[in-house]
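Remarks on the overall topology
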Amino acid sequence: MMKCQVCDENAIISSAVGAYCVAHFEENFEKRVLDTIKKYGLFRDGETVAVANSGGKDSLSLLYILSKHFSDRNKLVSITIDEGIEGYRDRTIETMKEYCASFGVEYKIYSYKDFFGKTMDKITRIKRGIPCATCGTLRRYLINYAAADVNADKVATAHNLDDEAESVLMNLLQNDIDKLLRLGPVSGVVKTEGFVPRVKPFMFVSEKETMLFSVIKGINAVHTPCFYAGFGFRGVVSRKIKELESSRAGSKAHMVSRMMSMKAKYRKKYFGRSIGKCAQCGSPSSGTVCDACSIKNELTATAV
Ligand code: SF4
Ligand SMILES: [Zn+2]
Ligand SMILES: [Zn+2]
């Protein structure tokens, strides 16, 4: 049995970052998250941080750590997007409410139905193509709206190392250098009015580590997969990255660190640019009308 690298206890995890017992794993996990927040200046004392909370293990673990270490210095507000997917989001919303109450964090829910006029279940019947592509655009839009609505300075998401490595590979394969260079612990085009910067405190911890942390902390989020998940390109890329990591441990971390060096190299060219506004809703947009408004217009034109 492998031993913890800090003490004499048996290790419960051994990965590219080391072997740890329960207590030292927990300590190391929290430390790496806090180091990421500090190193990249994800948020500062006094700022309001909106935490995007799906009610799943990842976002509840993030909310746990942020409420433990920052609730005396920052105002935290949990925001949940209700896509309107029966048998999926309605269940995780109940879990989200329970944990927000136990962590003492205020929560708000924003739904597709209220903002776009239709639930995701209905949208999939109207709009052709991969559901996740539409859903992702609408969710990003609504998270930004929600964060601005609660006067947040930053919006924290529970994106982990696996998610980030997937995004790196997807953008490379799709030859989308702009999107690739917008990844990182602070994502998006930061200096645009109306855009609340998104920060990722979990960017350097893996999905497996996050899962283990949530189990140790007794966060019992039921894993209910979304009915539409896995159809898109992300599903394919995700499976490939898991294969790669199991044959070469540390591959995900290497991909992400290469992206970070590219970002540093091209920072001047790509960052600090500001973009225009959507003619319809006024939110930040590189086109005349933003992607969310285009989808909304398409949905309004199709009566179901
Ligand atoms: S899996 Fe796809 S459709 Fe389901 S909630 Fe996520 S992005 Fe939306
Ligand atoms: Zn130990
Ligand atoms: Zn718009």
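These numbers come from a predicted model, not from an experiment. (Residues numbered from 1 in each chain as written. Chains lettered and ligands numbered in written order. Predicted model: local features only at pLDDT ≥ 70, side-chain atom pairs only at ≥ 80, totals over all residues. Heavy atoms only, no water.)

Points about the pairing of strand β3 (residues 48-52)
- Taking burial as the measure, the five residues of β3 include five buried ones, the bulk of the element.
- Of the two faces of β3, the one lined by T48, A50 and A52 and the one lined by V49 and V51 are each fully buried.
- Two elements, β3 and strand β4 (residues 75-82), share five bridges in a ladder whose sense is parallel. Its bridge partner being in β4, V51 is matched across the sheet by S78.
- Note that the unit made of β3, helix α2 (residues 57-70) and β4 has a crossover that is right-handed. (Buried < 20%, exposed > 50% of the residue type's maximum accessible area, 1.4 Å probe, protein only. Helix = DSSP H or I, 4+ residues; strand = E, 2+ residues; numbered from the N terminus. Pairing = 2+ DSSP bridges. Right-handed = clockwise from strand over helix to strand, strands pointing away.)

Topic: the coordination of the zinc ion (ligand 3)
- Looking at the metal site, the zinc ion (ligand 3) is ligated by C278 (SG), C281 (SG), C290 (SG) and C293 (SG), spaced 2.3 Å from it.
- Taken together, the four donor atoms coordinating the zinc ion (ligand 3) span angles of 105 to 116 degrees at the metal, a pattern that classifies the geometry as tetrahedral.
- Exposure remark for C293: the relative accessible area of 4% places this residue in the buried category. (Donors = N, O, S within 2.8 Å, 3.2 Å for Na, K, Ca; no water. Tetrahedral: all angles 85-135°; square planar, octahedral: opposite > 155°, others 65-115°.)

Here's the deal with the packing of helix α1 (residues 22-39) against α2
- At a minimum axis distance of 11 Å, the contact between α1 and α2 shows a crossing angle of 70 degrees. On the basis of their axis angle, the class for α1 and α2 is roughly perpendicular. Listed contacts from α2 to F29, E30, V33, L34 and I37 of α1 are Y64, I65, L66, K68, H69 and F70.
- Split by residue class, the contact of α1 with α2 holds eight nonpolar, one polar and two charged. (Axes fitted to C-alpha atoms, helices over the stretch in contact; angles between N-to-C directions. Parallel < 35°, antiparallel > 145°, perpendicular 65-115°, else oblique. Contact = heavy atoms within 4.5 Å. Nonpolar A, V, L, I, M, F, W, Y, C, P; charged D, E, K, R; others polar.)

Regarding the coordination of the zinc ion (ligand 2)
- The coordination sphere of the zinc ion (ligand 2) contains the protein donors C4 (SG), C7 (SG), C21 (SG) and H24 (ND1), at a distance range of 2.0 to 2.4 Å.
- If you look at the zinc ion (ligand 2), its four donor atoms make angles of 99 to 113 degrees with each other, and the shape they trace is tetrahedral.
- Written as a sequence motif, the donor arrangement for the zinc ion (ligand 2) is C-x2-C-x13-C-x2-H.
- In this structure C21 comes out as buried when scored by relative accessible area, which is 4%.
- By relative accessible area, H24 is classed as buried at 18%.

Focus on the packing of aromatic side chains
- Under the defined criterion, the tally for this structure stands at 14 aromatic pairs.
- Here the aromatic rings of F227 and Y228 are separated by 5.3 Å at their centres, their planes lie at 80 degrees, and the arrangement is edge-to-face.
- The exposed category is assigned to F227, whose relative accessible area is 64%.
- Aromatic rings pair up to connect F25, F29, Y64, Y99, F103, F202 and F213 into one cluster. (Phe/Tyr/Trp six-rings, centres within 6.5 Å; stacked < 30°, edge-to-face > 60°.)

Examining the nonpolar core
- In this structure, F29, F43, L66 and F202 are the most contacted members of the largest nonpolar core, which totals 34 residues.
- Within the residue set of this core, elements represented by two or more residues are α1, β3, α2 and α3 (89-103).
- Per element, the largest residue contribution to this core is seven residues, and it comes from α2.
- Among residues more than four places away in sequence, those in contact with L66 are I37, F43, V51, S71, L76 and A156. (Core = buried A, V, L, I, M, F, W, Y, C linked by side-chain atoms within 4.5 Å.)

A short note on the pattern of salt bridges
- Inspection of the entire model under this criterion finds 19 salt bridges.
- E30 is paired through a salt bridge with K68; the nearest N and O atoms lie 3.0 Å apart. Taken together, the positions of E30 in helix α1 and K68 in helix α2 put the pair 38 residues apart, joining distant regions of the chain.
- For E30, a relative accessible area of 7% gives the class buried.
- Relative accessible area serves as the criterion here: at 45%, K68 is assigned to the partly exposed category.
- Between E47 and K154 there is a salt bridge whose closest N-O contact spans 3.2 Å. Placement of E47 in the loop between α1 and β3 and of K154 in strand β6 (residues 154-156) is noted, with a sequence separation of 107 residues between them. Neither residue differs from the other here; E47 and K154 are each classed as buried.
- Each of E83, R89 and R139 takes part in salt bridges that share partners, so that together they form one network. (Salt bridge = Lys/Arg side-chain N within 4 Å of Asp/Glu carboxyl O.)

Describing the sheet that holds strand β5 (residues 106-111)
- Judged by pairing direction, the sheet is mixed, and its six strands sit side by side in the order β5-β4-β3-β6-β8-β7 without closing on themselves. What marks the edges here is a single partner per strand, and that holds for β5 and β7 (186-187).
- Examined bridge by bridge, β6 and strand β8 (residues 198-199) share two bridges and lie parallel to one another. Its bridge partner being in β8, A156 is matched across the sheet by V199.
- Across the sheet, α3 is in contact with β4 and β5; its angle to β4 comes to roughly 165 degrees.

Don't take any of this as a statement about function, it's just geometry.
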